[in-house]
Amino acid sequence: MDSAAQLRGVGLRVTSARVAILETLRFARHLTAEEVAGKVRDRVGHVSTQAVYEALNALTDTGLLRRIEPAGSPARYESRVGDNHHHLVCRACGAVADVDCAVGHAPCLEPANAAGFAVDEADVIYWGLCPGCQAAA
């Protein structure tokens, strides 16, 4: 499905900035809002940072994008949604990589006591050193 059709499918107006954001994140994962803004400007010219933030929020709210927020790091965005995957984050350089569910069916983890909640998602971040930082150490 093309980006314009995705936007229409969730009831959002099709704009050049929104299309550029979706297409940017289709090919580059785990970008910060500032990184997205730079790549969008390369594609469509001037777009305010505020407009990029607003578009990222709208795209995240409708489920077209996912926002991840590793502790001590700016929020990052990706287009891989709906599969309940997790992330690896390098403690040294901040690199982020996707990792599929650890074990079993979504939500991958079952709490010892769900306290009455109907759990439908688990958000797991594994921390460590990426291969490049390991080699440098």
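Refer to the structure above for everything that follows.
Each chain carries its own residue numbering, running from 1 in the direction its sequence is written. Under the rules for a predicted model, residues below a pLDDT of 70 receive no local features and side-chain atom pairs below 80 are neither given nor counted, while totals for whole chains, interfaces and linings still include all residues. Each side-chain value is derived from all of the structure's non-hydrogen atoms; neither hydrogens nor water enter the calculation.

### Looking at the overall build of the protein
Note the threshold: Helix numbering and strand numbering both begin at the N terminus, where a helix is a DSSP run of H or I of at least 4 residues and a strand a DSSP run of E of at least 2. Two residues form a contact once any of their heavy atoms are found within 4.5 Å. The Shrake-Rupley method, run with a 1.4 Å probe, gives the accessible areas here. Residue values count only the displayed protein chains as cover. When charges are counted, Lys and Arg contribute as positive and Asp and Glu as negative, whereas His and the chain ends are disregarded. Every charge is mapped onto a representative atom, which is NZ of Lys, CZ of Arg, CG of Asp or CD of Glu.
Helix and strand counts for the protein stand at 5 helices and 6 strands. The secondary structure elements of the protein, listed N-terminal to C-terminal, are α-α-β-α-α-β-β-β-β-β-α. Projected onto the principal axes, the alpha-carbon positions of the protein cover approximately 45 × 45 × 25 Å. Within the protein, counting contacts between residues at least 6 apart in sequence, those at least 24 apart form 44% of the total. Working note: accessible area of the protein is about 8100 Å², and carbon and sulfur atoms make up 52% of it. Here the protein contributes 13 positive and 16 negative side-chain charges, whose respective centroids are spaced 6 Å apart.

### As for the sheet that holds strand β3 (residues 76-78)
In plain terms, the rule: Paired strands are those between which DSSP finds at least two bridges.
The strand order across the open sheet formed by 3 strands is β1-β3-β2, and the pairing between neighbours is antiparallel. Edge positions in the sheet fall to β1 (31-32) and β2 (66-68), since each of these pairs with one other strand and no more. Sheet topology note: the β2/β3 ladder contains 3 bridges and is antiparallel. Paired with Ile 68 across the two strands is Arg 76, which belongs to β3.

### A word on the nonpolar core
How we decide: To define a nonpolar core, start from buried Ala, Val, Leu, Ile, Met, Phe, Trp, Tyr and Cys residues and group those joined through side-chain atoms within 4.5 Å. For every residue, the accessible area obtained with a 1.4 Å probe (protein chains only) is divided by the maximum for its type, and the residue is called buried under 20%, exposed over 50%, and partly exposed between those limits.
In terms of nonpolar packing, the biggest core is built from 23 residues, with Ile 21, Leu 25, Val 36, Leu 56 and Leu 59 touching the most fellow members. Of all the secondary structure elements, the ones that give two or more residues to this core are α2 (16-27), α3 (33-44) and α4 (49-61). When residues in this core are grouped by element, the largest group, 6 residues, is from α2.

### Some words on unusual backbone geometry
Of note, His 30 is a non-glycine position whose phi angle comes to about 60 degrees, a positive value. Tracing the chain through its elements places His 30 in the loop between α2 and β1. Of note, Ala 115 is a non-glycine position whose phi angle comes to about 50 degrees, a positive value. The residue Ala 115 is located in the loop between β5 (96-99) and β6 (125-128) in this model. Residue Ala 115 is classed as exposed on the basis of its relative accessible area, which comes to 57%.

### Notes on the state of the cysteines
What counts is decided by this rule: Here, a disulfide means two cysteine sulfur atoms that sit within 2.5 Å of each other.
Summed over the entire model, instances satisfying the criterion amount to 0 disulfides. Left without a disulfide partner, Cys 130 is nearest to the cysteine sulfur of Cys 133, which lies 3.6 Å away. Residue class for Cys 133 comes out buried when judged on its relative accessible area of 18%.

### So, the pairing of strand β4 (residues 86-90)
Counting buried positions along β4 yields 4 of 5 residues, so the element is predominantly enclosed. Summarising the sheet, β4 and β5 pair through 4 bridges and their orientation is antiparallel. Each bridged residue has a counterpart across the sheet, and for Leu 88 the counterpart in β5 is Ala 97. Counting the residues between successive antiparallel strands, the hairpin from β4 to β5 contains 5 residues, one of them, Gly 94, with a positive phi of roughly 85 degrees. In the sheet, β4 pairs with β6 via 4 bridges, with the strands oriented parallel. Within the sheet, the bridge partner assigned to Cys 90 lies in β6 and is Gly 128.

These figures capture arrangement, not role.
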